Amino acid sequence: MHKKTVAELSAGLKAKEFSSEELTQVFLQRIADLDKELNTYITVTEEQAIYQAKKADKKIAENTAGTLTGIPLAQKDIFCTQGVKTTCGSKMLENFVAPYDATTVTQFNNAGMVLLGKTNMDEFAMGSSNESSYFGAVSNPWDLATVPGGSSGGSAAAVAACLAPVATGTDTGGSIRQPAAFCGITGLKPTYGRVSRYGMIAFASSLDQGGIMARSAEDCAMLLNTMAGFDEKDSTSAKIATENYSQSLHSKVEGLKIGLPQEYFAEGLDAQVGQCIEAAIKEYEKMGAKIIELSLENTSLAVPTYYIVAPAECSSNLSRFDGVRYGYRCQDPKDLTDLYLRSRGEGFGDEVKRRILIGTYALSAGYYDAYYLKAQKLRQLISNDFTQAFKQVDVLIGPTTPDVAFKKGEKSDPVSMYLSDIYTIAVNLAGLPAISIPVGRIKNKPVGLQLIGNYFNEAKLLNIAHQYQTITDWHRGIPEKFQ
Amino acid sequence: MSLTEDDVKKIAYLSRLQITEQAIPEYVENLSSIFDLVDQMNAVDTSHVETMAHPLHMIQRLREDVVTESNQRDIFQRHAPETEAGLYLVPKVIE
């Protein structure tokens, strides 16, 4: 049961092959047996899960169930859940219980899904390896010595190891796509504004976007049908009509124009990863797609630009953690300044502190034009590259990451860690949707292919990803230890 | 660009982040290398480029000025480190 996709589980529940309660028990048992090694969950919500599963079974019996009713789900621990701890991977919020639900949480509750628990993540979603979590690193189920990627590393590893059939993630610079690639699963980052950010703890507000980590594009489509849409409570939510993302999955890719950005295949790309990507492109050619080489000439500026924009927004967003209204407070503060300094100094980890410091410096008097303003201009140039590209092609294709999952502790200096997101960051700066799908393995380590779409064209992306998954089975691969 | 220890101490204070004396050299090194990366931005002339503050070039949505939230002070204050009579407590500020 645990290896099935959401689509298969949904059919099984409908046909009464098993109940939601049985299904939920299977996953809770797997978590209890296997998660010690992986550390994918920060909180497991057993009681709530059984309660929700029973409720779902009642709906199924009464024939009032929807397609997602009774399906278990893991939420990244960045989405606020009323009555359940939301830590954001930080000591600062170690004991924080949100007084309200994030819109995403409400949506999946209303759809009758069953919350298994909250997944591990890099602290405040800042990291590419899940090593910055206050609650410990997560292991990649394909090779326990390697990282699962980040920041949604817990969600990715949980889905890969079948400790959840599907999970949510968030993506500010690649935090859904990079861990999806490293763990061999499918990860969708929707267009900025497509999914509500209400109740999703903010890191960099002009870049953050929630999304889905699943076994297949078909499953991503099923969840996006519930997750996408306008939200009054999120001032950056887009008032643009959603589609039925499952309906268009079966369209043929014949005649499709796929753009190949030459910068994504340049120096820095591992040769074997490159070969896997080329093999996947060949599959698309066989299906009748047309490959067009093009250039996104400002690609190399994406990482430098991001490391001003994201820290600047983070330094502002994280100023709310002051040790006064909620979150960690230091022992015996001697005055108010001491309370701020030590609560924040003791409550945040190193990577979060580094980014607050970079952002504060970049926004401080005398430096604003040289850094923040400059970065916003480059952001425009990076975005323009994509606008030009989408005049010629329907979708862009390339590797999600320059290499497969790296060893824990290998990237100890921050800059080398930052550069591992070189192919994903530009998408966030432009606000575009993108998906990572597994297209091969090198020495048992998964390789991810990234497809980038035009604004609000998630349906097309999911369709193209699904078509590849109908002729290949990389997405059905499950690590040996977790069969 | 190289930052100095004094730079780091100054921004740490502006950020209200306590950083221990022993940790300062590592921050100096890491932040300097991050700013070296960031300085690659200067390779491009952007004098003719408009700034992009938001990916969708959206305009802030306005709504009617009506109350939409009920008072939930007690619920919110349950998560506070220290409160009294509906107030958040901090060390004495005014002598």
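Now for a look at the structure at hand. Bear in mind the structure is a predicted one, so any value in this text is a computation, not a measurement.

Looking at the overall build of chain B
Then, in step 1: Check the secondary structure of chain B and you find 3 helices and 2 strands.
Then, in step 2: From first element to last, N terminus to C terminus, chain B shows the α and β order α-α-α-β-β.
Then, in step 3: The C-alpha atoms of chain B give a radius of gyration of 22 Å, which is well past the 12 Å a tight globule of 95 residues would have.
Then, in step 4: A total of 95 residues make up chain B; the buried ones form 31% of that total.
Then, in step 5: Contacts spanning at least 24 positions in sequence make up 32% of the contacts within chain B whose residues lie at least 6 apart.

A look at helix H2 (residues 24-38) of chain B
Then, in step 1: Helix length check: H2 of chain B, at 15 residues, gives a terminal C-alpha distance of 21 Å against a target of 21 Å (1.5 Å per residue), a fit within 8%.
Then, in step 2: Along H2 of chain B, the residues that are buried comprise Ile24, Tyr27, Val28, Asn30, Leu31, Ser32, Ile34, Phe35, Leu37 and Val38 of chain B.

Concerning the pattern of salt bridges
Once the charged atoms of two side chains with opposite charge are near each other, the side chains can pair.
Then, in step 1: Scanning the entire structure with this criterion turns up 13 salt bridges over all chains.
Then, in step 2: Close ionic contact of Lys286 of chain A with Glu283 of chain A constitutes a salt bridge, the shortest N to O distance being 3.5 Å. Remark: Glu283 of chain A and Lys286 of chain A occur in helix H8 (residues 271-286); sequence separation between them is 3 residues, near one turn of the helix.
Then, in step 3: Using a relative accessible area of 65% as the deciding quantity, one classes Lys286 of chain A as exposed.
Then, in step 4: The salt bridge partner of Glu21 of chain B is Lys9 of chain B, with a shortest N-O separation of 3.3 Å. In this pair, Glu21 of chain B is assigned in the loop between helix H1 (5-14) and H2 and Lys9 of chain B in helix H1, connecting sequence segments 12 residues apart.

What to know about the packing of helix H11 (residues 350-363) of chain A against H1 of chain B
Then, in step 1: Their axes nearest at 9 Å, the elements H11 of chain A and H1 of chain B cross at an angle of 95°. The angle between H11 of chain A and H1 of chain B falls in the class roughly perpendicular. The segment H11 of chain A lies against H1 of chain B, with Leu357, Thr360 and Tyr361 of chain A engaging Ile11, Ala12 and Leu14 of chain B.
Then, in step 2: Within the contact of H11 of chain A with H1 of chain B, the residues separate by chemical class into 5 nonpolar, 1 polar and no charged.

Digging into the packing of aromatic side chains
Then, in step 1: In this structure the tally under the stated criterion is 18 aromatic pairs over all chains.
Then, in step 2: Ring geometry for Tyr371 of chain A versus Phe35 of chain B: centroids 5.3 Å apart, planes at 65°, classification edge-to-face. Of the two residues, Tyr371 of chain A is situated in helix H12 (residues 369-392) and Phe35 of chain B in helix H2; the pairing between them involves two chains. As far as the burial class goes, Tyr371 of chain A and Phe35 of chain B line up, both buried.
Then, in step 3: Aromatic rings pair up to connect Phe96, Phe124, Phe321, Tyr326 and Phe348 of chain A into one cluster.
Then, in step 4: Positioned above the aromatic ring of Phe406 of chain A, the side-chain terminus of Lys411 of chain A is 5.0 Å from the ring centre.
Then, in step 5: For the cation-ring pair, Arg16 of chain B lies above Tyr13 of chain B, with the distance from its terminal atom to the ring centre recorded as 4.3 Å.

Structural notes on the pairing of strand S9 (residues 395-399) of chain A
All names here are of chain A.
Then, in step 1: Along S9, 5 of the 5 residues are buried, which leaves the element largely enclosed by surrounding structure.
Then, in step 2: Pairing analysis gives 2 bridges linking strand S7 (residues 257-261) to S9, with the strands arranged parallel. Bridge assignment links Gly259 to a residue of S9, and that residue is Leu396.
Then, in step 3: Pairing of S9 with strand S11 (residues 445-452) involves 4 bridges; the strand directions are antiparallel.

Section: the interface of chain A and chain B
Then, in step 1: Contacts between the two partners involve 68 residues from chain A, matched on the other side by 49 residues from chain B.
Then, in step 2: Summed over both partners, the interface of chain A with chain B comes to about 5200 Å²; 69% of that surface belongs to carbon and sulfur atoms.
Then, in step 3: Contact with chain B buries area across many residues of chain A, yet Leu357, Tyr361 and Lys377 of chain A alone supply 13% of it, more than any other trio.
Then, in step 4: Taken together, the links from chain A to chain B amount to 1 salt bridge.
Then, in step 5: Residue Arg329 of chain A pairs with Glu82 of chain B through a salt bridge whose shortest N-O separation is 3.1 Å.
Then, in step 6: At the junction of chain A with chain B, the criterion picks out 14 residue pairs in polar contact (both at pLDDT 80 or more).
Then, in step 7: Those elements giving two or more residues to the side of chain A that touches chain B turn out to be helix H9 (302-317), helix H10 (336-347), H11, H12, helix H13 (414-418) and helix H14 (425-430) of chain A.
Then, in step 8: Examining the composition of the side of chain A that touches chain B, we find that 12 residues originate from one element, H12 of chain A, more than from any other.

Points about a nonpolar patch on the surface
Residue and element names in this part refer to chain B.
Then, in step 1: Where nonpolar side chains cluster on the molecular surface, the patch consists of Val90, Val93 and Ile94 and spans about 290 Å² of accessible area.
Then, in step 2: Along the chain, the position of Val93 falls in the segment after strand S2 (87-88).
Then, in step 3: Taking relative accessible area as the criterion, Val93 reaches 56% and is therefore assigned exposed.

Notes on the pairing of strand S6 (residues 209-214) of chain A
All names here are of chain A.
Then, in step 1: Summarising burial for S6: 6 of the 6 residues are buried, a large majority.
Then, in step 2: Because side chains alternate across S6, one face comprises the buried residues Gln209, Gly211 and Met213, and the other comprises Gly210, Ile212 and Ala214, equally buried.
Then, in step 3: The sheet contact formed by strand S4 (residues 166-171) and S6 spans 6 bridges and is antiparallel. Pairing of Gly169 across the sheet is with Gly211, part of S6.
Then, in step 4: One ladder, built from 3 bridges, connects strand S5 (residues 186-189) with S6; its direction is antiparallel. Across the sheet, residue Leu188 finds its bridge partner in S6, namely Ile212.

Let's talk about the side chain of Arg354 of chain A
Then, in step 1: Tracing the chain through its elements places Arg354 of chain A in helix H11.
Then, in step 2: With relative accessibility at 10%, the residue Arg354 of chain A sits in the buried group.
Then, in step 3: Residue contacts for Arg354 of chain A: discarding those within four places in its chain leaves Pro414 and Tyr418 of chain A together with Tyr27, Asn30, Leu31 and Ile34 of chain B.

What to know about the packing of helix H2 (residues 20-38) of chain A against helix H3 (residues 46-61) of chain A
Residue and element names in this part refer to chain A.
Then, in step 1: Where H2 meets H3, the closest approach of the two axes is 8 Å, and the angle between their N-to-C directions is 155°. Viewed along their axes, H2 and H3 adopt a mutual orientation that is roughly antiparallel. As H2 runs across H3, the sense of the crossing is right-handed. Along the contact surface, H2 presents Ser20, Glu21, Thr24, Gln25 and Leu28, while H3 presents Glu46, Ala49, Ile50, Ala53, Lys54, Ala56 and Asp57.
Then, in step 2: Across the contact of H2 with H3, the residue classes tally to 5 nonpolar, 3 polar and 4 charged.

Concerning the side chain of Lys189 of chain A
Residue and element names in this part refer to chain A.
Then, in step 1: Structurally, the position occupied by Lys189 is in strand S5.
Then, in step 2: Separated by 2.8 Å, the side chain of Lys189 and the backbone oxygen of Leu432 make a polar contact.
Then, in step 3: The residues contacting Lys189, other than those within four sequence positions of it, are Asp171, Ile176, Arg177, Gln209, Val427, Asn428, Gly431, Leu432, Pro433 and Ala434.

The rules we used
Going along each chain's sequence as written, the residues are numbered from 1 onward. In the order they appear in the text, chains get letters beginning with A and ligands get numbers beginning with 1. Where totals are concerned, whole chains, interfaces and linings use all residues; where local detail is concerned, this predicted model gives features only for residues with pLDDT of at least 70, and gives and counts side-chain atom pairs only at 80 or more. Only heavy atoms go into the side-chain values, all of them from the structure, while hydrogens and water stay out. Counting from the N terminus, the helices are DSSP H or I runs at least four residues long and the strands are E runs at least two residues long. Here the globule rule is a power law, 2.2 Å times the number of residues to the power 0.38, and the radius of gyration is based on C-alpha atoms. When a residue's accessible area, from a 1.4 Å probe over protein chains only, is under 20% of the maximum for its type it is buried; when over 50% it is exposed; and in between it is partly exposed. Only heavy atoms matter for contacts: two residues are in contact if any of them lie within 4.5 Å across the pair. A helix is expected to reach a length of 1.5 Å times the quantity of its residues less one. By definition here, a salt bridge exists when the distance from a side-chain nitrogen of Lys or Arg to a carboxyl oxygen of Asp or Glu is within 4 Å. Lines fitted to the C-alpha atoms define the axes, with helices restricted to the stretch that makes contact. Angles between their N-to-C directions range from 0 to 180 degrees. For classification purposes, an angle smaller than 35 degrees is called roughly parallel, one larger than 145 roughly antiparallel, one from 65 to 115 roughly perpendicular, and anything else oblique. Residue polarity is assigned by list, with Asp, Glu, Lys and Arg as charged and Ala, Val, Leu, Ile, Met, Phe, Trp, Tyr, Cys and Pro as nonpolar; anything else, Gly included, falls into the polar class. Between the rings of Phe, Tyr and Trp (Trp by its six-membered ring), a pair exists once the centres lie within 6.5 Å; its type follows the angle of the planes, with under 30 degrees stacked, over 60 edge-to-face, and the other angles tilted. When the NZ atom of lysine or the CZ atom of arginine is within 6 Å of a ring's centre and also within 35 degrees of its normal, the charge is said to sit over that ring. Strands pair, by our definition, only if DSSP identifies at least two bridges between them. Two parts placed together each lose some accessible area under a 1.4 Å probe, and the buried area is that loss summed for both. Any pair of nitrogen or oxygen atoms within 3.5 Å is treated as a polar contact; in protein, a donor-acceptor pairing is required on top of that, and neighbouring residues in sequence qualify only through side-chain atoms on both sides. For patch detection, residues must exceed 30% relative accessible area and be free of salt bridges, and they are connected within 9 Å for like charges or within 5 Å for nonpolar side chains (Val, Leu, Ile, Met, Phe, Trp, Tyr). Where accessible areas are quoted, they stem from the Shrake-Rupley method and a 1.4 Å probe; at the residue level, only the protein chains shown are allowed to cover. We call a crossing left-handed when the near helix sits turned anticlockwise from the far one by less than a right angle, and right-handed when that turn is clockwise.

In short, geometric facts, not functional conclusions.
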